[in-house]
Amino acid sequence: MKVFRGLPNDRARAPCALTIGNFDGVHRGHQALLAQVRGAAAALGIEAAVMTFEPHPREYFALKSGDPSKAPARIANLRDKLKDLDNAGIDRVIVEHFNEHFASMSPRDFIERVLVDGLHVKWLMVGDDFRFGARRAGDIAMLVEAGREFGFEVHTLSAVMHGDVRISSSAVRAALAQGDFGATSELLGHPYAMSGHVIHGQKLGRTLGFPTLNLRVAHRPAVHGIFVVQVHGLEQQPLPAVASLGVRPTVEDAGRTLLEVHIFDYARQCYGELVRVEFLAKLRDEEKYVDLPTLTAAIDNDAAQARALFARRNGALTATDRI
């Protein structure tokens, strides 16, 4: 899969079947849309393409208004989003920098400069509530008319349902906020996980008897607290662990978000390694403790609960294997 930061240059442009959106989480609704794009691209003999945005437009406007709390929490970082789009069979992704210039572009300019000249769109699919251009003035009818003028097809995809729930990024965020990873997996079509490179931390966990792998989290995540997790990418099998995702209120007041993972009975140095942390269950919310001994006791209890969960899982697997 080819990834472009902004519109491809003249030599890299090629006719494509395109869809546009934030694709936060690349859930099953997104996957249904991407399958349609991939099928159209194959039928037309062109590339399947996605245009997405960084930052999220709502995040941009929230920061511009001076109220970051209005920004949606992120389900996935850009690396994980791109990996999911690659897994969905997309040939090229355009990551458009959402800034003042892009936000102020008129619907007509967006059609001509981005869709027609910049991306050579021949087939376009968007959600049935898609809006675009400055002040969201562009709509489906405008795209259909432009398609007749410039020679591209326009299609819409209705909401994809899971039972009586519309599959959406908002529904995934709600499930994550409740710590319901079963419902999250149903909406995503796969277990929830975050990936990143292991960075150096303050080494405090080591002094407390719980050394951790630290992953930087650049945006406000849709989930936070203390979790039972397993770590992929270090050994052939996933490694059982307990993790904290939050701002570490007992030991730091900078407000930065960090994912700290303590792998059970594992001592290898992992700095720089790319790992994927799969979330299995939420134990509790993050808390601020009066001192380090109290924090250590809480971590010890969290680790004991996590080990017990893995023991139950392994016991269930063993019983099944015996049948």
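Each value, and the rule that gives it
Residues numbered from 1 in each chain as written. Predicted model: local features only at pLDDT ≥ 70, side-chain atom pairs only at ≥ 80, totals over all residues. Heavy atoms only, no water. Helix = DSSP H or I, 4+ residues; strand = E, 2+ residues; numbered from the N terminus. Buried < 20%, exposed > 50% of the residue type's maximum accessible area, 1.4 Å probe, protein only. Contact = heavy atoms within 4.5 Å. Areas by Shrake-Rupley, 256 points an atom, 1.4 Å probe, with all protein chains shown as cover. Lys, Arg positive; Asp, Glu negative; His and termini not counted. Charge placed at Lys NZ, Arg CZ, Asp CG, Glu CD. Core = buried A, V, L, I, M, F, W, Y, C linked by side-chain atoms within 4.5 Å. Phe/Tyr/Trp six-rings, centres within 6.5 Å; stacked < 30°, edge-to-face > 60°. Pairing = 2+ DSSP bridges. Axes fitted to C-alpha atoms, helices over the stretch in contact; angles between N-to-C directions. Salt bridge = Lys/Arg side-chain N within 4 Å of Asp/Glu carboxyl O.

Draft legend 1. Just the overall build of the chain, in detail. When its secondary structure is counted, the chain shows 10 helices and 14 strands. The dimensions of the chain, computed from C-alpha atoms along their principal axes, are 70 × 55 × 40 Å. Looking at the chain as a whole, 48% of its 323 residues qualify as buried. Contacts spanning at least 24 positions in sequence make up 73% of the contacts within the chain whose residues lie at least 6 apart. Working note: accessible area of the chain is about 16000 Å², and carbon and sulfur atoms make up 51% of it. Side-chain charges of the chain comprise 38 positive and 38 negative groups, with the mean position of each set lying 2 Å from the other.

Draft legend 2. Region of the structure containing the nonpolar core. Tyr192, Leu234, Leu259, Val261, Ile263 and Phe279 are the most contacted members of the largest nonpolar core, which totals 34 residues. Going through the elements one at a time, α7 (169–177), α8 (181–188), β9 (193–199), β10 (213–216), β11 (225–232), β12 (239–246), β13 (258–263) and β14 (274–284) are the ones with two or more residues in this core. If we skip the residues at most four places from it in the chain, Ile263 touches Leu213, Val231, Leu234, Leu239, Pro240 and Ala241.

Draft legend 3. Structural context of the packing of aromatic side chains. Per the counting criterion, the structure on display carries 15 aromatic pairs. For the ring pair Tyr192 and Phe279, a centre distance of 5.5 Å and an interplane angle of 45° mean the geometry is tilted. Of the two residues, Tyr192 sits in the loop between α8 and β9 while Phe279 sits in strand β14, which places them 87 residues apart along the sequence. As far as burial versus exposure is concerned, Tyr192 and Phe279 are alike and both buried. A ring pair is formed by Phe264 and Phe310, whose centres lie 6.4 Å apart and whose planes are at 80°; its orientation type is edge-to-face. Separated by 46 residues along the polypeptide, Phe264 in the loop between β13 and β14 and Phe310 in helix α10 (residues 292–322) bring together distant segments of the chain. Taken together, Phe53, Tyr60, Phe61, Phe98, Phe102, Phe110, Phe130 and Phe132 form an aromatic cluster joined through their ring pairs.

Draft legend 4. Seen up close, the sheet that holds strand β6 (residues 153–157). The 6 strands lie next to each other as β1-β4-β3-β2-β5-β6, forming an open sheet whose pairing is parallel. Every interior strand has two partners, whereas the edge strands, β1 (2–5) and β6, have only one. Neighbouring strand axes in the sheet, compared pairwise and without regard to direction, differ in orientation by 20° on average. The pairing of strand β2 (residues 16–20) with strand β5 (residues 121–127) spans 4 bridges and is classified as parallel. By the bridge assignment, Ala17 is partnered in β5 with Trp123. Against the sheet, helix α6 (residues 140–150) contacts β5 and β6, and its axis sits at roughly 170° relative to β5.

Draft legend 5. The arrangement of unusual backbone geometry in detail. With an omega dihedral of 0°, the bond running from Glu54 to Pro55 counts as a cis peptide bond. Even without being glycine, Arg136 reaches a positive phi, approximately 50°. By the element assignment, Arg136 lies in the loop between β5 and α6. Overall, the relative accessible area of 52% leaves Arg136 in the exposed class. At Asp265, a residue that is not glycine, the phi angle is positive and equals roughly 55°. Asp265 sits in the exposed class, given a relative accessible area of 69%.

Draft legend 6. Quick look at the pattern of salt bridges. Applying the stated rule across the entire model yields 17 salt bridges. Residue Glu235 is joined to Arg268 by a salt bridge in which the shortest nitrogen-to-oxygen separation is 3.8 Å. Here Glu235 is found in the loop between β11 and β12, whereas its partner Arg268 is found in the loop between β13 and β14, with 33 residues between them in sequence. Glu235 sits in the partly exposed class, given a relative accessible area of 39%. Its relative accessible area of 37% is what places Arg268 among the partly exposed residues. Between Asp285 and Lys282 there is a salt bridge, with the nearest N and O atoms lying 2.6 Å from each other. A relative accessible area of 25% means that Lys282 is categorised as partly exposed. Among the charged side chains, a network of salt bridges with common partners joins Lys2, Glu47 and Arg92.

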